[in-house]
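Fold and geometry: a report
Below, each chain spelled out in residue letters.
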Amino acid sequence: MIPAPDAAEEALHGGPDARGAGLHDFSTNANACGPCPRALQALAQADAGRYPDPRHTALRETLGRFHAVAPERIVIAASASEFIARITAAVAQQGGRGVWLPRHSYGDYGRAAAAWGLDVRREPESPAGSALAWCCDPSSPLGQVQPGLGALVDALAVTTPCVLDLAYEPLRLEGRLDLSAAQKDRVWQLWTPNKALGLTGVRAAYAIAPLEATGMVQRLTRLAPSWPLGAHGVALLEAWTLSETQDWLASTRDRLRDWKREQQALCAAMGWSVLRSVANYFCARPDLPYAPRSTSLREAGVQLRDARSFGLPGHVRLAVLPPASQAALRRAWQAAKP
């Protein structure tokens, strides 16, 4: 049996640490083809000398047009993690007692629930009776399609608010999201474009509320900080909606598919067990334990994401990186082996 991660443990993330950024950083799922040129241009032109509109009126209208929904359904967030914390707080304030999570999932779902003393249930337990449910497709950390997502949405939406984390939908390299328009209208859709644009240092996100969620939208608005986004967050989300940006993103998916095939073949050649994925990242089980070798790899400029905190001991998660970084991984792993 695979143990569930401890929701109360210290937050673990990929990316730079106290030593800075690794030269070959496989530990985050950002688009390795980025940064997006059009988004970079928008950031350079952002007016940081003024406050943005605290209600983000124009931005919500722009995002509403982009998704063909009413702007009143757009909830601006400082980041995905900030929205996770805020909607969990809103559920707890309403007397909710339980949160349901996929078996393997982003740690902030469970940490936010633990901060409010909420009970956490995990798949395969039933979500029945939960006050909030989390889904993610492609999933984190596995990058897989969430099994039975449509049936789960149909069952949950009747009684339980459900958040569908779409952080990696723009970086899906195979297939498509298997939900109808009606099913999407019954869940909260959480979007974080900074990963797809290769600009994770700019924190900005938004959610699309379900059709019948006016009360929760109002509650989330009351709980929001003033100016959830600064000028650069606004610029990033505005650039996200441009056709030029979306064309660039589509072109990067073709390149990422090629790099992914090469990287998975490399891992298999090193004796690693590679798990299936439809996104720009995947999990693998190295032929030898990763933790004792992590320091040696880090000194060689190679950083992986230990998947223990996701409930996958013995596995690592790897973003798809260019061939030069893949070659660095091979050299560093061979040097770290006894």
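Described below are features of the structure shown in this document. (Residues numbered from 1 in each chain as written. Predicted model: local features only at pLDDT ≥ 70, side-chain atom pairs only at ≥ 80, totals over all residues. Heavy atoms only, no water.)

In this section: the pattern of salt bridges. Throughout the structure, instances matching the rule amount to twelve salt bridges. With its nearest N and O atoms 2.9 Å apart, the salt bridge here joins Arg 276 to Glu 174. Of the two residues, Arg 276 sits in the loop between strand 9 (273–274) and strand 10 (281–285) while Glu 174 sits in the loop between strand 6 (162–165) and helix 6 (181–184), which places them 102 residues apart along the sequence. Judged by relative accessible area, which is 56%, Arg 276 ranks as exposed. Residue class for Glu 174 comes out partly exposed when judged on its relative accessible area of 32%. Among the salt bridges present, the one from Arg 257 reaches Asp 254, with a minimum N-O distance of 2.7 Å. Placement of the pair is Arg 257 and Asp 254 together in helix 9 (residues 243–269), with a separation of three residues, close to one helical turn. Residue classification places Arg 257 among the partly exposed positions, given a relative accessible area of 27%. Here the salt bridges share partners, and the residues they tie into one network are Asp 137, Glu 169 and Arg 172. (Salt bridge = Lys/Arg side-chain N within 4 Å of Asp/Glu carboxyl O. Helix = DSSP H or I, 4+ residues; strand = E, 2+ residues; numbered from the N terminus. Buried < 20%, exposed > 50% of the residue type's maximum accessible area, 1.4 Å probe, protein only.)

Looking now at the sheet that holds strand 9. The antiparallel open sheet is built from four strands, whose spatial order is 9-10-13-12. Because the sheet does not close on itself, it has two edges, and the strands there are strand 9 and strand 12 (305–306). Sheet strands in contact with helix 9 are strand 9, strand 10 and strand 13 (316–319), and its direction is about 5° off that of strand 10. (Pairing = 2+ DSSP bridges. Contact = heavy atoms within 4.5 Å. Axes fitted to C-alpha atoms, helices over the stretch in contact; angles between N-to-C directions.)

So, on to the sheet that holds strand 4 (residues 119–122). Read across the open sheet, the seven strands follow the order 2-8-7-6-5-3-4; overall the sheet is mixed. Pairing within the sheet leaves two strands with one partner each, and these edge strands are strand 2 (74–77) and strand 4. The average angle at which neighbouring strand axes cross in this sheet is 20°, direction not considered. Inspection of the sheet shows strand 6 paired to strand 7 (residues 188–191) by three bridges, in the parallel sense. Pairing of Asp 165 across the sheet is with Leu 190, part of strand 7. Seen against the sheet, helix 2 (residues 57–67) touches strand 2, strand 7 and strand 8 (205–208) and runs at an angle of roughly 120° to strand 2.

With that settled, the discussion passes to the pairing of strand 10. Across the five residues that make up strand 10, a large majority, four, are buried. The pairing of strand 9 with strand 10 spans two bridges and is classified as antiparallel. The partner of Ser 273 across the bridge, within strand 10, is Arg 285. Hairpin connection of strand 9 to strand 10: six residues between the antiparallel strands. Here four bridges tie strand 10 to strand 13, and the two strands are oriented antiparallel to one another. Across the sheet, the residue bridging to Cys 283 is Arg 317, located in strand 13.

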